[in-house]
Amino acid sequence: MMRLRILLVTIFIFLFVCSCNNETAYEPRPVLNFLGDSIIEIWKGVSHAFPDYECNNYGWSGKGIDTFLGRIDASTLAGTDCVVEIGTNDMAKVITNNSLDEYALHYIDVLKKLNARRIYLFSLIPRNGEKDGDFPYNANYIIFNQKIQALTQSEMDNVIYVPVFDAFLKDGKLNPSYTFDGLHPSAEGYQVMARELRKYLMKNTQH
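In what follows, the accompanying structure is described.

Reading the values: the criteria
- Residues numbered from 1 in each chain as written.
- Predicted model: local features only at pLDDT ≥ 70, side-chain atom pairs only at ≥ 80, totals over all residues.
- Heavy atoms only, no water.
- Helix = DSSP H or I, 4+ residues; strand = E, 2+ residues; numbered from the N terminus.
- Expected span 1.5 Å × (residues − 1).
- Buried < 20%, exposed > 50% of the residue type's maximum accessible area, 1.4 Å probe, protein only.
- Arc of directions from axis to C-beta.
- Contact = heavy atoms within 4.5 Å.
- Pairing = 2+ DSSP bridges.
- Axes fitted to C-alpha atoms, helices over the stretch in contact; angles between N-to-C directions.

1. So, the environment of Ser 177
By the element assignment, Ser 177 lies in the loop between β7 (173-174) and α7 (187-206). Here the alpha-carbon distance between Ser 177 and Gly 189, two residues 12 residues apart in the chain, equals 7.3 Å.

2. With respect to helix α5 (residues 100-113)
Spanning 14 residues, α5 covers 20 Å between terminal C-alpha atoms, matching the ideal 20 Å at 1.5 Å per step. When we look at burial in α5, the residues that qualify are Leu 100, Tyr 103, Ala 104, Tyr 107, Ile 108, Val 110 and Leu 111. Down the axis of α5, the buried set is contained in an arc of 160°. They therefore lie on one face. Within α5, the exposed residues directed more than 90 degrees away from the buried face are Glu 102 and Lys 113. Buried-residue contacts for α5 involve β3 (81-85), α4 (91-96), β4 (118-122) and α6 (137-155). Count one or two residues on from α5 and you reach Asn 115, which has phi positive near 55°.

3. With respect to the sheet that holds strand β2 (residues 54-57)
For sheets, the rule is that strands pair by backbone hydrogen bonds, running either parallel or antiparallel. Read across the open sheet, the five strands follow the order β2-β1-β3-β4-β5; overall the sheet is parallel. Bordering the open sheet on either side are β2 and β5 (159-162), each of which pairs with just one other strand. If you compare each strand with its neighbour and ignore which way they point, the axes differ by 20° on average. Bridge count for strand β1 (residues 31-36) against β2 is four bridges, and the pairing is parallel. Across the sheet, the residue bridging to Asn 33 is Asn 56, located in β2. Packing of α6 onto the sheet brings it into contact with β4 and β5, and relative to β5 it is tilted by some 155°.

Written as structure tokens, this is what we have:
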């Protein structure tokens, strides 16, 4: 009888220690905060695309650089990793006013105010919407993307630029397989964005 009690107590202690070790070894998944306009908001599959991360989608349709943070207090982003795609809703006014340079500088100032640990910044993707007509969106997107890439490299050490413009092109236009309306990505288009972002996530994981 005494031996049985000793055996039961030993088993209990062993199971308790194992349980404690498992709790100690558990590490929460790193967080990715997704910020931007409708291109981010309707990306409903971010959690499936990045299962190793806890993904928060704060995208907000119709917003530009000055309003895209309306769904979250910017102070809560300090020290976190953020994925940002923003700008296309500002471009009609910016292009019309020929103010790409001024807008690019303001764009960088807003990114700095996030105080994020790391920002994965998507370039603007091309568009071929039916309502665009001959408005020179894509030609100016190329110029803007180049300006932002250069500014982030020279002025910010926490930005990882993720160029996806060329990946969305086919015969000089937005690949119709990657969009459902000439502006927003289709499911296949979001797979392209996820694939390109993973490349940079992997680089930072390795280093």
